[in-house]
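Examination of the molecular architecture
Here's the letter readout for the chains.
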Amino acid sequence: MRRASSSKRASSSSRKTPDPMQFLDEFVADSLGEKGTQVLHSVGDGATDEVIEQSTRLKIAEIRSILNHLHSYGFVEYSREKNMQNGWFTYTWKVNMDRAMQNFLMLKRREHERLRNRLSAEEGTTIYSCRKGCTRLEFERAYENKFKCSSCKCDLRFLDNKQELKRVESKITALETLLANQGTRTP
Ligand SMILES: [Zn+2]
């Protein structure tokens, strides 16, 4: 969907750019839960494990695990400093907003692609599925398998996927809006 010149005009001055932190929040809440966003917020421009512990009141092991996840997503980075007296390292964490947004958008683009593929594969076909959901097959494949699930051996039944595809479609639209808004920000 492409919006005409009106949006172009608006973007030059008055259009509000979406807050990247809000998107990150939603993503982190989805994947790591409320504790994840708590940790993300307390990291901010720089915080040690102890500072994060004080502000979130979570256990240090839990904080570490969340930080490791955030780090693997590329959302946070750390620097470490050795304490000369006891030889321990102090980690200072901070949010890397640019890389976080890049990675976040890459994940969203991938999700968009995945949903588009699914929609085009399932639109206009009849899908057969077993009760446990281990298999989803088009009619032809279901027929070849004699309408039996190859893993649980249950009967395959016609699956009305209309509602599901509607949900997929609205997710795709939401993602396209998000990606279109972000697209204007890249250099
Ligand atoms: Zn099955």
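Along each chain, the written sequence defines residue order, and numbers are assigned to residues from 1. Thresholds applied to this predicted model are a pLDDT of at least 70 for local features of residues and 80 or more for the giving and counting of side-chain atom pairs; totals over whole chains, interfaces and linings are not thresholded and use all residues.

1. Re the overall build of the protein
Helix numbers and strand numbers start at the N terminus; a helix is a DSSP run of H or I with at least 4 residues, a strand a run of E with at least 2. A tally of helices and strands in the protein yields seven helices and six strands. For the protein, the succession of helices and strands along the chain, N to C, is α-α-β-α-α-β-β-α-β-β-α-β-α. A buried classification covers 14% of the 187 residues belonging to the protein. Our contact criterion uses C-beta atoms placed from the backbone: two residues qualify when those atoms are within 7 Å. The contacts in the protein between residues at least 6 apart in sequence include a share of 50% that link residues at least 24 apart. In this scheme every C-beta is placed from the backbone, and a residue whose C-beta has 20 or more other C-beta atoms within 10 Å is buried, one with 12 or fewer is exposed, and one in between is partly exposed.

2. Regarding the sheet that holds strand β6 (residues 157-159)
The strand order across the open sheet built from three strands is β5-β4-β6, with neighbouring strands paired in antiparallel fashion. Of all the strands in the sheet, the pair left with one neighbour each is β5 (136-138) and β6. Pairwise comparison of adjacent strand axes, ignoring direction, gives a mean angle of 45 degrees for this sheet. Relative to β5, strand β4 (residues 127-129) runs antiparallel, the two sharing three bridges. We treat two strands as partners when DSSP finds at least two bridges between them. In this analysis, axes come from line fits to C-alpha atoms, helices being fitted only over the stretch in contact, and the angle between any two N-to-C directions falls in the range 0 to 180 degrees.

3. Focus: the pairing of strand β3 (residues 89-95)
Consecutive residues of a regular strand have side chains that alternate between opposite faces of the sheet. With two bridges joining them, strand β1 (residues 47-48) and β3 adopt antiparallel strand pairing. Bridging across to β3, T48 finds its partner in T92. Of the strand pairs in this sheet, strand β2 (residues 76-82) and β3 are connected by seven bridges, and their pairing is antiparallel. When the sheet's bridge partners are listed, V76 is paired in β3 with V95. Hairpin connection from β2 to β3: six residues lie between these consecutive antiparallel strands, with G87 at a positive phi of about 75 degrees.

4. Quick word on the nonpolar core
A set of buried residues drawn from Ala, Val, Leu, Ile, Met, Phe, Trp, Tyr and Cys, joined through C-beta atoms within 7 Å, is what defines a nonpolar core. With 18 residues, the main nonpolar core has L24, V39, L40, V43, L67 and V76 as its most contacted residues. Among the elements that make up this core, the one with the highest residue count is helix α2 (residues 20-43) (six residues). Excluding its chain neighbours within four sequence positions, the residues that come into contact with L24 are L40, F75, A100 and F104. By size, the runner-up hydrophobic cluster in this structure holds seven residues, among which are I127, Y128, C130 and L137.

5. Comments concerning helix α5 (residues 97-122)
Between the first and last C-alpha of α5 there are 37 Å, a value that for 26 residues agrees with the 38 Å anticipated at 1.5 Å per step. G124 sits one or two positions beyond α5 and adopts a positive phi of about 75 degrees. Expected span of a helix, by definition, is 1.5 Å for each gap between consecutive residues, and there is one gap fewer than residues.

6. Side note on the confidence of the model for the protein
Across the protein, pLDDT averages 85, with 87% of residues at or above 70. A score from 0 to 100, pLDDT tells how confident the predictor is in each residue. Between the elements of the protein, mean pLDDT differs from a low of 40, seen in helix α1 (residues 5-12), to a high of 95, seen in helix α4 (residues 60-72). Overall, residues 1-16 carries pLDDT values under 50, and its contacts beyond four positions in sequence, including any with other chains, amount to three contacts.

7. As for the sheet that holds β1
Consider a sheet: its strands pair through backbone hydrogen bonds, and that pairing is either parallel or antiparallel. Read across the open sheet, the three strands follow the order β1-β3-β2; overall the sheet is antiparallel. Where the open sheet ends on each side, the last strands, each with one partner, are β1 and β2.

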